[in-house]
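# Per-entry structural report
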Amino acid sequence: MPISNWSFQNVRNKMTIRLQVALVTAVTCIAAVGIAAVGAAMVAKSGAQANANQQLQTLARNMADRLDQHMFERYREIQNIANLGPLRAVWSKDAAATRGILEQLQTSLPEYAWLGFATPDGIVHAATKGMLEGVSVAQRPWFVDGLKQPTVKDVHDAKLLDKLLRTSPDEAPFRFVDVAMPVFDSNQELAGVLGAHMSWTWADDVRKTVLTSQDEESAADLWIAAKDGSLLIGPADRKVDPSLLAQAAKSNGVLFMDTSGAAPMLAAAVATRGQGDYPGLGWNVVARMPVSVIYAPANQLVLQILLLGGVVAAVASAVAWTLAGSVTNPLKALADSLDLVGRQSDVTSVERQNGSLDILKLSAAVRSLLRRVGTAESVQMTDAATIDTLQREVADQKKEVEQKILRYGADLHALQLLADTDGLTGLLNRRAFLPFAEDAWNYHKRYDRPFSILMFDIDHFKRINDTYGHAAGDDVIRKMGEIISAGIRATDKVARFGGEEFVVLLRETDETSASMMANRLREQIARTVVIAGEHRISFTTSVGCALGSSAARDLEDVIHLADTALYAAKSGGRNRVVMDVVAPEGRRTAA
């Protein structure tokens, strides 16, 4: 017995049936609860992730729509001011009036950090708080493109205004989004460019507003990424894969797992789409939520199931322990009663036990056995002479039986020889030959060791029988068997399969060796003369040979190939050997 099995059996032998029943019940309950917990976890996590996917997509789309809405309104405001008819006559004449209008607009929406009007030569004519008035902005992208058409420029650092707007050296650098519109005078001639620099802080304010609608427990966060994946709002050292943003722009959004941070996050990326005349800047909103937060309710559910299952398992084990006692107590009482038998001379039986049908049967069987044992002991004590006589009779019968077994063994051996040998030649018959051949086949399959099957058939045997009689034909068959049997090795086997057909098993032989042995036997048979009365009979044989091959499915395939080769030898003129080898031209080769 293996050590592990012995140890397990040893542990079981130290436990009562009652304890084993309780343990099996507990293990079954725990296994059932574990399976239920795993299933519940899979279902709950799948549902939690689906809800989180929907929540993140909705959150990201809400943020993207708010960004588009806000930019559209600012774009439209600047466009309306640029196209306002009463201002066409004063854009390039009255700087103070223009400045007043711009400052009034800035007062209504403080996120306009700077509003200014520059003449076609790039000189700022009027601006809020007089900042940059008289300064050239001819090289600034917003001015260059604003001369041609309405223009929106993506987030960038302030270059000319940073020092003017900064209130403290420790304050973070200013970042702007620019809107620029060409302005025409009353003669529809280009008067200049109206430019607005909006502080990028408004986007973070929108972000905070959107996040206030979320539960604090969700720990959701929002990033804003440019087309190239760089973050406009978010950690400066992080970046979003541009290929994911490209997918988001082509569809309603894309979901992905972000594992670049300290904890894995489920994320949804949604692209802004612009609105109205505002073309959009290709921003992407990325909503993120920790995976641990998403799966927290599912994990809590699994924990509750496990705790409840543990309680159920404990209760079930206690119940099983109690119920098992009603079954095992009668067994224990019966065992205690049996232990007294033989220890105390006055105890010769046990009490009948109740509790179940099996207990009743066992108790009755034990009582009956004890009665029979008691009877046998009394007979032995009162009639020892009779027992001696019986012992002598048993010894005599044992000796007679052993003699019969010896005779039967000799008879069985003789019968085995008759069953395994051919009556005419004394060679193996097909039944006895096949186990040897199967062993060679199995050895070949396991160790790739070669073997061959030779199949011999006497040529024109029917003519011999018809010409010289069946007795002469039997002499030819016997002579054929003698030649083959004497010409093979001790490890080889020869059998008569029936009629004039003989089969030889050659172990450890390749194609060349098998061909040489087959031809040697064929030539020796051709030189042999059988004397039958006054007749001298010469005969020949055809031989088919097949080699054990991995292409064969089993031994029968190899024997069939040898038989096919024998047929080819007969058809090819007889008195020849044909190997079952496929030549390049696809024909069998004769050896």
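For clarity, every value in this text was computed on a predicted model and none was experimentally measured.

This paragraph deals with the packing of aromatic side chains. By the definition in use, this model includes 6 aromatic pairs. Seen from their ring centres, W114 and W142 are 6.0 Å apart, and the 65° between their planes marks the pair as edge-to-face. One end of the pair, W114, is in strand β1 (residues 112–118); the other, W142, is in helix α4 (residues 141–146), with 28 residues separating them in the sequence. Pairing W142 with F143 gives two aromatic rings, centres 6.2 Å apart and planes at 85°, and the pair type is edge-to-face.

Most of strand β11 (residues 451–458) sits inside the fold, with 8 of its 8 residues counted as buried. On β11, burial covers both faces: F451, I453, M455 and D457 on one face and S452, L454, F456 and I458 on the other are all buried. Where β11 and strand β13 (residues 501–507) come together, 7 bridges link them in antiparallel fashion. Looking at β13, one finds that F456 is bridged to F502. For β11 and strand β16 (residues 541–547), the ladder comprises 7 bridges, and the chain directions are antiparallel. Residue pairing in the sheet places M455 in a bridge with G544 of β16.

Attention now goes to the packing of helix α14 (residues 470–487) against helix α15 (residues 511–527). Across the interface, α14 lies against α15 with an axial gap of 10 Å and an inter-helix angle of 140°. Here α14 and α15 pass one another in a crossing that is right-handed. Where α14 approaches α15, its residues M480, I483, I484 and G487 are matched on the opposing element by M517, R520, L521, Q524 and I525. Class assignment of the residues belonging to the contact of α14 with α15 gives a composition of 6 nonpolar, 2 polar and 1 charged.

It is worth spelling out the pattern of salt bridges at this point. In this structure the tally under the stated criterion is 25 salt bridges. K479 is paired through a salt bridge with E482; the nearest N and O atoms lie 3.8 Å apart. Taken together, the positions of K479 and E482, both in helix α14 and 3 residues apart, correspond to about one turn of that helix. You can call E482 partly exposed: its relative accessible area is 48%.

A separate point is the side chain of R74. Tracing the sequence through the fold places R74 in helix α2 (residues 17–82). For R74, a relative accessible area of 5% puts it in the buried group. Excluding residues within four positions of it along the chain, R74 makes contact with L109, E111, Y112 and M198.

What follows covers the side chain of K570. Looking at where K570 falls in the secondary structure, it is placed in helix α16 (residues 555–571). Judged by its relative accessible area of 17%, K570 falls in the buried class. Looking at K570, its side chain comes within polar contact range of the side chain of D457, at 2.7 Å. Reaching out from K570, the side chain makes a polar contact with the backbone oxygen of I458 at a distance of 3.2 Å. If near-sequence neighbours (up to four positions away) are discounted, K570 is found in contact with D457, I458, D459 and S542.

Glancing now at the packing of α2 against helix α6 (residues 201–211). For the pair α2 and α6, the least separation of the axes is 10 Å and the interaxial angle reads 140°. Handedness of the crossing formed by α2 with α6: right-handed. Two secondary-structure elements touch here, α2 through L59, N62, M63, R66, L67, H70 and M71 and α6 through W202, A203, V206, R207, T209, V210 and L211. Across the contact of α2 with α6, the residue classes tally to 9 nonpolar, 3 polar and 2 charged.

Moving on to the sheet that holds strand β10 (residues 284–290). Taken in spatial order, the 5 strands make up an open sheet running β7-β6-β10-β9-β8, and their pairing is antiparallel. At either margin of the open sheet sits one strand with a lone partner, and together these are β7 (231–233) and β8 (254–258). Sheet twist, expressed as the average angle between the axes of neighbouring strands with direction ignored, equals 35°. The pairing of strand β6 (residues 221–225) with β10 spans 5 bridges and is antiparallel. By the bridge assignment for β10, A225 is matched with N284. Most of the contacts of α6 go to β6, to which it runs at about 150°, and overall it touches β6 and β7. Relative to the sheet, helix α7 (residues 242–250) contacts β6, β8, β9 (265–271) and β10, its axis offset from that of β9 by approximately 55°.

Attention now goes to the confidence of the model for the protein. In regions of low pLDDT, the predicted coordinates are not meant to be interpreted in detail. When pLDDT is averaged across the protein, the result is 82; 84% of the residues are at 70 or more. For residues 582–590, every residue scores under 50 in pLDDT, and the model assigns this stretch 15 contacts once sequence neighbours within four places are set aside.

Here strand β5 (residues 190–199) lies mainly inside the structure; 9 of its 10 residues are buried. Where β1 lies against β5, 6 bridges are found, and the strand directions are antiparallel. By the bridge assignment, F117 is partnered in β5 with L194. Looking at chain direction, strand β4 (residues 175–184) and β5 are connected through 9 bridges and run antiparallel. For V177, the partnering residue across the bridge sits in β5 and is M198. Linkage of β4 to β5, two consecutive antiparallel strands, is achieved through a turn of 5 residues, within which Q188 is found at a positive phi near 60°.

This brings us to the sheet that holds β4. Read from one edge of the open sheet, 5 strands run β2-β1-β5-β4-β3, paired in antiparallel fashion. In this open sheet, the two edge strands, each paired with only one partner strand, are β2 (124–127) and β3 (151–157). Mean inter-strand twist for the sheet, computed between neighbouring axes without regard to direction, equals 25°. Direction of pairing for β3 relative to β4: antiparallel, over a ladder of 5 bridges. Residue pairing in the sheet places H156 in a bridge with F176 of β4. Contacts from α2 reach β1, β3, β4 and β5 within the one sheet, and its direction differs from that of β4 by about 30°.

Soluble globular proteins tend to bury their nonpolar side chains together. Ranked by size, the top nonpolar core spans 56 residues in total, and within it I78, V177, W200, W202, I224 and W283 carry the most contacts. Broken down by element, the residue count for this core peaks at 14 residues, all from α2. Counting 30 residues, the second-largest nonpolar core is a separate cluster that includes A472, V494, A518 and F539.

Cut-offs used in this document
- Residues numbered from 1 in each chain as written.
- Predicted model: local features only at pLDDT ≥ 70, side-chain atom pairs only at ≥ 80, totals over all residues.
- Heavy atoms only, no water.
- Phe/Tyr/Trp six-rings, centres within 6.5 Å; stacked < 30°, edge-to-face > 60°.
- Helix = DSSP H or I, 4+ residues; strand = E, 2+ residues; numbered from the N terminus.
- Buried < 20%, exposed > 50% of the residue type's maximum accessible area, 1.4 Å probe, protein only.
- Pairing = 2+ DSSP bridges.
- Axes fitted to C-alpha atoms, helices over the stretch in contact; angles between N-to-C directions.
- Left-handed = near helix turned anticlockwise from the far one by under 90°.
- Contact = heavy atoms within 4.5 Å.
- Nonpolar A, V, L, I, M, F, W, Y, C, P; charged D, E, K, R; others polar.
- Salt bridge = Lys/Arg side-chain N within 4 Å of Asp/Glu carboxyl O.
- Polar contact = N/O pair within 3.5 Å; in protein donor to acceptor, adjacent residues only side chain to side chain.
- pLDDT = per-residue confidence, 0-100.
- Core = buried A, V, L, I, M, F, W, Y, C linked by side-chain atoms within 4.5 Å.

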